[in-house]
Amino acid sequence: MRKINLSEKFGEFQDHWSPKIVAELNGQHVKLVKFAGEFVWHHHDEEDELFLVVAGSFVMEWRDTAGVERAIPMGVGEMLVVPRGVEHRPVADGEVSVVLFEPASTRNTGSAVTSELTVEDPVYL
């Protein structure tokens, strides 16, 4: 067992949209990520994702089953589960620090074509 200080871990990196693994449990990764700007539209066929805001704020944009775009504003201390199959993208005006809980197999850009934002092998902090 080891204690993890989230503030210290977030201080170890500056890059955006590049999740870092800080823990594993039951086939899940706990990842830290910093957002700034817009991410790509994507979905995950097999995985749900949990987003917990630690610092800053962002908007989770998503498309419902009819393709209508919706948005959920997220602030410090708030969390959201994006169900598998739901097309979504986080958008942040400033820098945001987020904790992610997701299956270890989850690719950050999901169904999206591989881009400069795709992280195939997240690093461990």
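Residues numbered from 1 in each chain as written. Predicted model: local features only at pLDDT ≥ 70, side-chain atom pairs only at ≥ 80, totals over all residues. Heavy atoms only, no water.

Before we go on, may I ask you to explain the pattern of salt bridges in this structure?
Between side chains of opposite charge, a pair can form when the charged atoms approach closely. Enumeration according to the criterion identifies 9 salt bridges in this entry. Ionic pairing is found between D15 and K20, a salt bridge with its closest N-O pair at 2.8 Å. A salt bridge links R84 to D48; its shortest N-O distance comes to 3.1 Å. One end of the pair, R84, is in the loop between β6 (79-82) and β7 (88-103); the other, D48, is in the loop between β2 (28-38) and β3 (49-55), with 36 residues separating them in the sequence. Accessibility expressed as a relative area gives 44% for R84, which makes it partly exposed. (Salt bridge = Lys/Arg side-chain N within 4 Å of Asp/Glu carboxyl O. Helix = DSSP H or I, 4+ residues; strand = E, 2+ residues; numbered from the N terminus. Buried < 20%, exposed > 50% of the residue type's maximum accessible area, 1.4 Å probe, protein only.)

Explain the packing of aromatic side chains to me, please; I cannot follow it from the model alone.
Centre distance and the angle of the planes are the two values used to describe a pair of aromatic rings. Under the counting rule described, the total for this entry stands at 6 aromatic pairs. When the centroid spacing of 4.6 Å and the interplanar angle of 15 degrees are considered together, the rings of W17 and F35 count as stacked. In this pair, W17 sits in the loop between α1 (6-10) and β1 (20-25) while F35 sits in strand β2, placing the two residues 18 residues apart along the sequence. An identical accessibility class is assigned to W17 and F35; each is buried. A network of ring pairs unites the aromatic residues W17, F35, F39, F51 and F58 as a single cluster. A cation over a ring is seen here: K20 above F13, with NZ or CZ 5.4 Å from the ring centre. Cation over ring: K34 sits above F13, and NZ or CZ is 5.0 Å from the ring centre. (Phe/Tyr/Trp six-rings, centres within 6.5 Å; stacked < 30°, edge-to-face > 60°. Lys NZ or Arg CZ within 6 Å of the ring centre and 35° of its normal.)

Explain unusual backbone geometry to me, please; I cannot follow it from the model alone.
Note: most peptide bonds trans; most residues except glycine with negative phi. The residue W17 is not glycine, and still its phi comes out positive at about 65 degrees. Among the residues examined, W17 registers a relative accessible area of 8% and is labelled buried. Located in the positive-phi region is N26, a residue other than glycine, with phi close to 50 degrees. Mapped onto the elements, N26 comes out in the loop between β1 and β2. Residue N26 is classed as exposed on the basis of its relative accessible area, which comes to 76%.

When you look at the nonpolar core in this model, what are you seeing that I'm missing?
In summary, soluble globular proteins display a tendency toward joint burial of nonpolar side chains. Formed by 16 residues in total, the largest nonpolar core has its most connected members in F35, F51, F58, M60, V96 and V98. Only β2, β3, β4 (58-63), β6 and β7 provide two or more residues apiece to this core. If you tally residues by element for this core, the top one is β7, at 4 residues. Here V98 is in contact with F10, K31, L32, V33, F35, F51, L52 and F58, once residues within four sequence places are set aside. Within the second largest apolar cluster, 6 residues are counted, among which are F10, V22, L32 and V99. (Core = buried A, V, L, I, M, F, W, Y, C linked by side-chain atoms within 4.5 Å. Contact = heavy atoms within 4.5 Å.)

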